[in-house]
Structures are given as C-alpha cells and as structure tokens.
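# Examination of the molecular architecture
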Amino acid sequence: MNNRIWFIVPAAGTGSRMQADRPKQYLSLAGRPVIEHTLQRLTQALPDAAVVLCLNPDDPWWPDISTPDCELHLAEGGKERCDSVLNGLNLLSGKAADNDWILVHDVARPCVRTDDIRNLVSSLQDDETGGILALPVADTMKRAADQNPCVSRIEKTVDRNQMWHALTPQMFRYGLLKSCLERALAEGVQITDEASAVEWGGYQPALIKGQRDNLKITHPDDLWFAELFLNAQQADSE
Ligand SMILES: Nc1ccn([C@@H]2O[C@H](COP(=O)(O)OP(=O)(O)OP(=O)(O)O)[C@@H](O)[C@H]2O)c(=O)n1
Ligand SMILES: C[C@](O)(CO)[C@H](O)COP(=O)(O)O
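- As named in an unreviewed UniProt entry, the chain is 2-C-methyl-D-erythritol 4-phosphate cytidylyltransferase, taken from Oceanospirillum sediminis.
- Taken from UniProt, the Sequence similarities (unreviewed entry) comment for the chain reads in full: "Belongs to the IspD/TarI cytidylyltransferase family. IspD subfamily."
- Taken from UniProt, the Catalytic activity (unreviewed entry) comment for the chain reads in full: "2-C-methyl-D-erythritol 4-phosphate + CTP + H(+) = 4-CDP-2-C-methyl-D-erythritol + diphosphate".

Below, the structure written as structure tokens:
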C-alpha cells in the first residue's frame, strides 16, 4: 500500500462521566497515564504512521507525558469530539493526500490490540470507502422509555441481529472523511463517530470485527476493567 497512514487521536475531552480530578486520559492505568498506553499501542501497531493528537488548548498535563517515538503533530481540540477530529483533519491539509488513510482512535481506548489495528488496515487497504472496528451485539437489546441512565422501564426490545457496537480505530480516506465530516457538521447533523458522517455522505462503511477488550474508558469502573484487560493481554503474550 503506497498511501501514508495517519492516526488522528481525539484527546481533548474532559471526561465528565468519569467524575475524576482530571480528564480520564491522564488518570493512572497500571502505573502510567492512559494516554501513554494508547499512543504506545498505536505506534507499536503501525510504526511508520504519523500521529495527530487533538488536545484541549488549556491542557496542563500533556507536557508531563512521555511522548511516543513517532512523527507527532498537535492539533487543537474542539467543542465536541467531531470538532476535534475535524481540527485534526484540517491540520493535515497540504500534508495528507486525498487517498491517504486516516485512522481515528479514541485516546480513551488504551487496550486496543495491535493485531486488531493491523487487521483493520489489511482488510480495508483496497476498499474505496473504509470502515471501522466493531463488535457484534451479544445481549438482548432494550430501548428505554426515557433517558434516565440508572433506572427506567422497557419501551421495547430491539432486534439485536445485525447490531454491532462501533469501536475505534475508524479508517477512511483523507479526502472522503474530511469532505463528509465538513458537510455533515455544516448541516448540523449529530455526529458521534466518523462512520456516521461517511454514512450521511451516502457510503456504507465496512464493519471489521474487533476484540471485546477494546473498551472505551468512560465510567469509573472502566479503569478497573482496563487494568484487567492489560494484565490479561500481558499474560497472553508471555
Ligand atoms: N471535545 C472533545 C470531546 C471528546 N474528545 C475525545 O473523544 C474521545 C471519546 O469521547 P468521550 O469518551 O465522550 O470522552 P469525554 O468527552 O472526555 O467524556 P465525557 O463525555 O464523559 O465528558 C475521548 O478520547 C475524548 O478525549 C475530544 O477529543 N474532544
Ligand atoms: C467513537 C466512539 O468511540 C464509537 O463508539 C463513540 O461514539 C464515542 O462516543 P463518546 O460519547 O464521544 O465517548
């Protein structure tokens, strides 16, 4: 594959659902900040890929982080995750070719397996649209009658067949992703991942099965699960 690969890592969130004293990407996980684990996984998976890290402009913690041994560009985070990603894409204007691959990966997913990342790239390197790591739903799915995140009532059971959890990285050509994301945001479309912008653009991104331990650290107990996964992955590799 002769096109370059660029990681864009949205890392400008405040981690409000984590209820911690700092953004979750700077919380300690197995003795190191979450962000260091994530960046290490990305650079281990694809050592020749460059990394665009989207940081909150007022982030006081980044200077204390051990930076990965890779080509690293810093972009300014935006109001929402999608804005941070678009800022990362804009930073690559004039650097990335339209057919270069962009892999967007949440900094809050430090347990992503390098094999999964490489499998995503090898599976999609000849694909015109791109796609995402995802996980088929294994539980019966219920739609709640309201938005209370703790207690509610079942409004209906949703057919789980053909339902997948979207993970990251999400892999798209630079030109396609930038165009779809710019237009979707300009139209006020609710975008929570890159695939939803590409779908809005009329494309059908691929779903490539990933591992269940690629969790997004979101709530306090997720940090405990992440450490379990890291320890289990370490034990498997020995
Ligand atoms: N304005 C934002 C918001 C989120 N993110 C990043 O997008 C990823 C997924 O977002 P999420 O898990 O929602 O992180 P937060 O927004 O920090 O969490 P919360 O919604 O609990 O505040 C995270 O790596 C986060 O750092 C970002 O770069 N810019
Ligand atoms: C991109 C993502 O991780 C795919 O599941 C998810 O949409 C991020 O959501 P968040 O609310 O911004 O964490």
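Structure's up, so let's keep going.
### Quick notes on helix H2 (residues 81-91)
- Listed as buried for H2 are Cys82, Ser84, Val85, Leu86, Gly88 and Leu89.
- Contacts from the buried residues of H2 go to strand S1 (5-11), strand S4 (50-55), strand S5 (72-76), strand S6 (101-104), helix H4 (174-186) and helix H5 (194-200).

### So, the confidence of the model for the chain
- Per-residue pLDDT for the chain averages 97, and the proportion of residues at 70 or more is 100%.
- Confidence estimates for the predicted assembly give a pTM of 0.97 and an ipTM of 0.98.

### Points about the environment of Leu185
- Here Leu185 lies in helix H4.
- Separated by 102 residues in sequence, Leu185 and Asp83 place their C-alpha atoms 8.5 Å apart.
- Once residues lying within four places of it in the same chain are set aside, the contact partners of Leu185 are Cys82, Asp83, Leu86 and Ile191.

### Notes on the site of ligand 2
- Surrounding ligand 2, one finds Arg17, Arg81, Asp106, Arg109, Ala166, Thr168, Thr192, Asp193 and Lys216.
- In this structure, Arg17 approaches ligand 2 through a side-chain N or O atom, which is 3.2 Å from an oxygen atom.
- With respect to ligand 2, the side chain of Lys216 contributes an N or O atom lying 2.6 Å from an oxygen atom.
- About the coverage of ligand 2: the protein hides 73% of its 360 Å² of free accessible area.
- Structurally, ligand 2 is housed in the largest pocket.
- The residue makeup of the shell around ligand 2, split by class, is one nonpolar, two polar and six charged.

### Details of the site of ligand 1
- Around ligand 1, a shell composed of 18 residues is seen, among which Gly15, Ser16, Arg17, Lys24 and Ser84 lie nearest.
- Note that a nitrogen atom of ligand 1 is positioned 2.8 Å from one of the side-chain N or O atoms of Ser84.
- One of the backbone N or O atoms of Val107 is found 3.3 Å from an oxygen atom in ligand 1.
- Across the complex, the protein chains shield 88% of the 560 Å² of accessible surface that ligand 1 would expose by itself.
- The set of elements that each furnish at least two residues to the shell around ligand 1 consists of S1 and H2.

### Quick look at the packing of H2 against H4
- One can describe the packing of H2 onto H4 by two numbers: an axis separation of 10 Å at closest approach and a directional angle of 135 degrees. In terms of orientation, H2 and H4 fall into the oblique class. Read as a crossing pair, H2 and H4 show a hand that is left-handed. Along its contact with H2, which presents Cys82, Asp83, Val85, Leu86, Leu89 and Asn90, the element H4 presents Tyr174, Leu177, Lys178, Leu181, Glu182 and Leu185.
- Among the residues making up the contact of H2 with H4, the classes are represented as eight nonpolar, one polar and three charged.

### Topic: the sheet that holds S1
- With mixed pairing, seven strands are arranged side by side in an open sheet as S5-S4-S1-S6-S10-S7-S11. Edge positions in the sheet fall to S5 and strand S11 (206-209), since each of these pairs with one other strand and no more. Averaged over all neighbouring strand pairs, the angle between strand axes comes to 25 degrees, with direction disregarded.
- Across six bridges, S1 lies against S4 in parallel orientation. Looking at the pairing, Pro10 lines up with Cys54 of S4.
- Here helix H3 (residues 114-124) sits on the sheet in contact with S1, S6, strand S7 (130-136), strand S10 (164-173) and S11, set at roughly 130 degrees to S7.

### Quick look at the UniProt feature "site: Transition state stabilizer" (unreviewed entry) in the chain
- Within the UniProt annotation, "site: Transition state stabilizer" (unreviewed entry) is assigned to Arg17 and Lys24. As for the annotated residues, the ones lining the largest pocket are Arg17 and Lys24.
- Secondary-structure assignment places Arg17 in the loop between S1 and strand S2 (28-29).
- In this structure Arg17 comes out as partly exposed when scored by relative accessible area, which is 49%.
- Apart from the residues lying within four places of it in its own chain, the contact partners of Arg17 are Lys216, Thr218, His219 and Pro220.
- Looking at where Lys24 falls in the secondary structure, it is placed in the loop between S1 and S2.
- Dropping the residues within four chain positions of it, Lys24 is found in contact with Gly15, Met18, Val34, Ala108, Ile217 and Thr218.

Rules and cut-offs
- Residues numbered from 1 in each chain as written.
- Chains lettered and ligands numbered in written order.
- Predicted model: local features only at pLDDT ≥ 70, side-chain atom pairs only at ≥ 80, totals over all residues.
- Heavy atoms only, no water.
- UniProt positions renumbered as here; feature names shortened; annotations may be inferred.
- Buried < 20%, exposed > 50% of the residue type's maximum accessible area, 1.4 Å probe, protein only.
- Helix = DSSP H or I, 4+ residues; strand = E, 2+ residues; numbered from the N terminus.
- Contact = heavy atoms within 4.5 Å.
- pLDDT = per-residue confidence, 0-100.
- Near = heavy atom within 4 Å.
- Polar contact = N/O pair within 3.5 Å; in protein donor to acceptor, adjacent residues only side chain to side chain.
- Areas by Shrake-Rupley, 256 points an atom, 1.4 Å probe, with all protein chains shown as cover.
- 1 Å grid on protein atoms, 1.4 Å probe; cavity = no way out; pocket = protein on both sides within 12 Å on 5 of 7 lines; lining within 4 Å.
- Sits in = over half its atoms within 2 Å of the grid points.
- Nonpolar A, V, L, I, M, F, W, Y, C, P; charged D, E, K, R; others polar.
- Axes fitted to C-alpha atoms, helices over the stretch in contact; angles between N-to-C directions.
- Parallel < 35°, antiparallel > 145°, perpendicular 65-115°, else oblique.
- Left-handed = near helix turned anticlockwise from the far one by under 90°.
- Pairing = 2+ DSSP bridges.

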